[in-house]
Amino acid sequence: AVKPGETELARQLEYIRAIRAENDAFAAENGRKKKFYSLAMGCQMNAHDSEKLEGMLDEMGFDRTDEETEADFIIYNTCCVRENAEQKVYGKLGWLKHYKETKNPDAVIALCGCMMQQETVLQTLRQKYRHVDIVFGTFNLYKLPELVATRMESGETVYDIWQEQREVVEDLPAIRHFPYKASVNIMFGCNNFCSYCIVPYVRGRERSRTPEDILAEVRRLAADGVKEVMLLGQNVNSYGKNLETPVSFAELLRMVNEVEGIERIRFMTSHPKDLSDELIQAMADCDKVCKYLHLPVQSGSDEILRRMNRHYTKESYMELVRKARAAMPDITLSTDIIVGFPGETEEDFQETLDVIRQSRYSTAFTFIYSKRTGTPA
């Protein structure tokens, strides 16, 4: 039986071969290979997605460059979690217009990622940034070869944005940035709808990969010399709930812990509302799982947490910290904090400082609230 995504993968490999032939012909004629420049903004998930995009470009016969000014193909994998990430993209697009007009009229500019899933962004691109060649979102990364081919044939700007995931395509080529460590997606999307967050709207509903596919990928990486894997999901604690045969994240951790050759296992991100005693126990039991927990608190005020739609209280959060420290006295904790959420008072802020004092985090990623169009906040 053909797995969903296998025929799609075969189609894309066809496109890759055709583009490769054209790029090889270009190299023979011009005495140089075409180069690509790739930039991933935002989260670990985007960084991992970019490894796949880079793997496909490599197969298409492009060489990687770290200099935007010598690239024939430029791809930005965008982020829309905070406003400054979006402004950065528009700034770069302004510069690229000049680059295409003066230096390299044949350069191809591709944009993908979370920003592209927003209607307001697409309108802006269509009106002001017509020099962009390829625009696609978060659900159809694997279509890059087809989109490049369509652009080459038509000479027109290609827009291909999906509103939801149709199929997960496995086994895309990827370029890993480190020989000894790799990221593995265990799920995509998010169902939490925290009131400040755009992610569920741009990455869609939660979808878990099967444990078989995940373990097969981890074994392949181990055979390739990888020692450390990072299991990625917007909320790993709710992994497996939508599988035909439900498997908890704690069970998955124990499975990955058995893979020979892997020496360290990390994961992000954990939502406090789903952090189970079972998971804390699995972390304590598994010798390869790093005793490190990223547990975003966002705020220490119950009222602000309620408005953020976080589904836990300051006290229930502190209870999780106590449980984790009791099970693993040497655990390292880190967190995310938002300051200046709409309606936050000085008292609310003091509650957050109190959580910080009690939790004794090793690291905190702290942000000023950034308003995102389309979210309740």
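One can find the structure itself at the top, above this paragraph.
Please read these numbers as outputs of a predicted model, since none were measured by experiment.

The rules we used
- Residues numbered from 1 in each chain as written.
- Predicted model: local features only at pLDDT ≥ 70, side-chain atom pairs only at ≥ 80, totals over all residues.
- Heavy atoms only, no water.
- Helix = DSSP H or I, 4+ residues; strand = E, 2+ residues; numbered from the N terminus.
- Expected span 1.5 Å × (residues − 1).
- Buried < 20%, exposed > 50% of the residue type's maximum accessible area, 1.4 Å probe, protein only.
- Contact = heavy atoms within 4.5 Å.
- Axes fitted to C-alpha atoms, helices over the stretch in contact; angles between N-to-C directions.
- Parallel < 35°, antiparallel > 145°, perpendicular 65-115°, else oblique.
- Left-handed = near helix turned anticlockwise from the far one by under 90°.
- Nonpolar A, V, L, I, M, F, W, Y, C, P; charged D, E, K, R; others polar.
- Phe/Tyr/Trp six-rings, centres within 6.5 Å; stacked < 30°, edge-to-face > 60°.
- Lys NZ or Arg CZ within 6 Å of the ring centre and 35° of its normal.
- Pairing = 2+ DSSP bridges.
- Core = buried A, V, L, I, M, F, W, Y, C linked by side-chain atoms within 4.5 Å.
- Right-handed = clockwise from strand over helix to strand, strands pointing away.

1. What about helix H3 (residues 83-102)?
- For H3, built from 20 residues, the straight-helix expectation of 28 Å at 1.5 Å per residue is met to within 8% by its first-to-last C-alpha distance of 30 Å.
- Turning to H3, its buried residues are Ala85, Glu86, Val89, Tyr90, Lys92, Leu93, Leu96, Tyr99 and Lys100.
- Against the buried residues of H3 lie strand S1 (35-40), strand S3 (73-78), strand S4 (108-113) and helix H4 (119-128).

2. Observations regarding the packing of helix H7 (residues 211-223) against helix H8 (residues 249-257)
- Running from N to C, H7 and H8 point in directions that differ by 30°, and their axes come no closer than 10 Å. Classed by the angle they form, the pair H7 and H8 counts as roughly parallel. Between H7 and H8 the crossing geometry is right-handed. Here H7 contributes Pro211, Ile214, Leu215 and Val218 to the contact with H8, which in turn contributes Leu252, Met255 and Val256.
- Residues belonging to the contact of H7 with H8 are distributed by class as follows: seven nonpolar, no polar and no charged.

3. Focus: the packing of aromatic side chains
- Per the counting criterion, the structure on display carries ten aromatic pairs.
- Judged by centre distance (5.4 Å) and plane angle (10°), the ring pair of Trp95 and Tyr99 falls under stacked. Here Trp95 pairs with Tyr99, and both are found in helix H3, just four residues apart, close to one helical turn.
- Judged by relative accessible area, which is 34%, Trp95 ranks as partly exposed.
- Owing to a relative accessible area of 3%, Tyr99 belongs among the buried residues under this scheme.
- One aromatic cluster is present, formed by Tyr196, Phe341 and Tyr369 through successive ring pairs.
- Sitting above the plane of the Tyr159 ring, Arg126 keeps its charged end 4.1 Å from the centroid.
- When the ring centre of Phe178 is taken as origin, the NZ or CZ atom of Lys181, which lies over that ring, is 4.6 Å away.

4. Structural notes on the sheet that holds strand S7 (residues 181-185)
- Ordered by their spatial adjacency, three strands build an open sheet running S7-S10-S11, and the pairing between neighbours is parallel. Each of the sheet's edge strands pairs with one partner strand only, and the pair in question is S7 and strand S11 (264-268). Across the sheet, the mean angle from the axis of one strand to that of its neighbour is 25°, orientation sign disregarded.
- The pairing of S7 with strand S10 (residues 228-232) spans five bridges and is classified as parallel. Bridged to Asn185 within S10 is Leu232.
- Contacting S7 and S10, H7 crosses the sheet at an angle of about 170° to S7.

5. Topic: the nonpolar core
- Ranked by internal contacts, the top residues of the largest apolar core, which has 48 residues, are Val229, Leu231 and Phe249.
- Every element with two or more residues in this core is listed here: S7, H7, S10, H8, S11, helix H9 (277-285), helix H11 (314-327) and strand S13 (332-339).
- Sequence-distant contacts of Leu231, that is, excluding residues within four places in its chain, are made with Val184, Ile186, Val236, Phe249, Leu253, Val256, Ile265, Arg266, Phe267 and Met268.
- The next biggest cluster of nonpolar side chains, apart from the first, holds 28 residues, and it includes Tyr76, Cys79, Tyr90 and Leu122.

6. Observations concerning the pairing of S11
- Bridge count between S10 and S11: five bridges; the pairing is parallel. Bridging from a neighbouring strand, Leu231 pairs with Phe267 of S11.
- Read from S10 through H8 to S11, the crossover connection turns out right-handed.

7. Concerning the sheet that holds strand S5 (residues 134-136)
- With parallel pairing, six strands are arranged side by side in an open sheet as S2-S1-S3-S4-S5-S6. The strands lining the two open edges of the sheet, one partner per strand, are strand S2 (63-64) and strand S6 (158-160).
- Where S4 lies against S5, two bridges are found, and the strand directions are parallel. The residue of S5 that forms the bridge with Ala110 is Ile134.
- Lying over the sheet, helix H2 (residues 44-59) contacts S1, S2, S3, S4 and S5, oriented at roughly 170° with respect to S1.
- Lying on the sheet, helix H5 (residues 144-154) is in contact with S3, S5 and S6; it crosses S5 at an angle near 150°.

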